[in-house]
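Here is what each chain is made of, one letter per residue.
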Amino acid sequence: MANTELEQNILKALDEIRPFLNSDGGDITLIGIEDEKHVKVRLEGACTNCNLSISTLKAGVETTIKKYAPQIETVVNIS
């Protein structure tokens with residue numbers, strides 16, 4: 001994956017949300033960006049089995065990513 005401005009903005013967003021995930025025993029990794037509109041991430045640790053992982057992904061991760069990169073349309077978890 002190229003080290004683009006978009007990727008840097010998404011990584012900044014993940015760095016912002018990561019402490020909240022870490023506090024619950026989870027983490028997140030950027031897997032890829034498709035068409036500069038769709039982001040693939042991997043929820044890890046406690047986040048993989050959490051009943052709230054979909055809410056975390058949409059309300060927390062996707063919202064934060066869109067704050068840094070408004071052109072992003074979707075964020076999906078790749079397990």
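Above this text sits the structure in question.
Attention here is on the structure that accompanies the text. (Residues numbered from 1 in each chain as written. Predicted model: local features only at pLDDT ≥ 70, side-chain atom pairs only at ≥ 80, totals over all residues. Heavy atoms only, no water.)

Some points on the overall build of the protein
Across its full length, the protein carries two helices and three strands. Mapped in sequence order, the helices and strands of the protein form the string α-β-β-α-β. Relative to its length of 79 residues, the protein is compact, with a C-alpha radius of gyration of 12 Å against a globular reference of 12 Å. With the C-alpha coordinates of the protein rotated into their principal frame, the extents come out at 30 × 20 × 20 Å. Partitioning the intrachain contacts of the protein with sequence separation of at least 6 by distance along the chain shows that 49% fall at a separation of at least 24. (Helix = DSSP H or I, 4+ residues; strand = E, 2+ residues; numbered from the N terminus. Rg over C-alpha atoms; globule rule 2.2 N^0.38 Å. Contact = heavy atoms within 4.5 Å.)

Considering the pattern of salt bridges
Considering all chains together, one arrives at six salt bridges under this definition. Two residues, Lys67 and Glu16, come together in a salt bridge whose shortest N-O distance is 2.8 Å. Of this pair, Lys67 sits in helix 2 (residues 53–68) while Glu16 sits in helix 1 (residues 5–23), placing them 51 residues apart in sequence. With relative accessibility at 30%, the residue Glu16 sits in the partly exposed group. One salt bridge connects Glu62 with Lys66, and the closest N-O pair in it is separated by 3.5 Å. Of the two residues, Glu62 and Lys66 are both situated in helix 2; the distance of four residues between them amounts to about one turn of the helix. For Glu62, a relative accessible area of 11% puts it in the buried group. Residues joined by salt bridges that share partners form a network here, namely Asp15, Arg18 and Asp27. (Salt bridge = Lys/Arg side-chain N within 4 Å of Asp/Glu carboxyl O. Buried < 20%, exposed > 50% of the residue type's maximum accessible area, 1.4 Å probe, protein only.)

Description of the environment of Thr56
Along the polypeptide, Thr56 turns up in helix 2. Put simply, Thr56 and Leu21 are 35 residues apart on the chain and 8.9 Å apart in space, counted from C-alpha to C-alpha. Residues in contact with Thr56, not counting those within four places in the same chain, are Leu21 and Val61.

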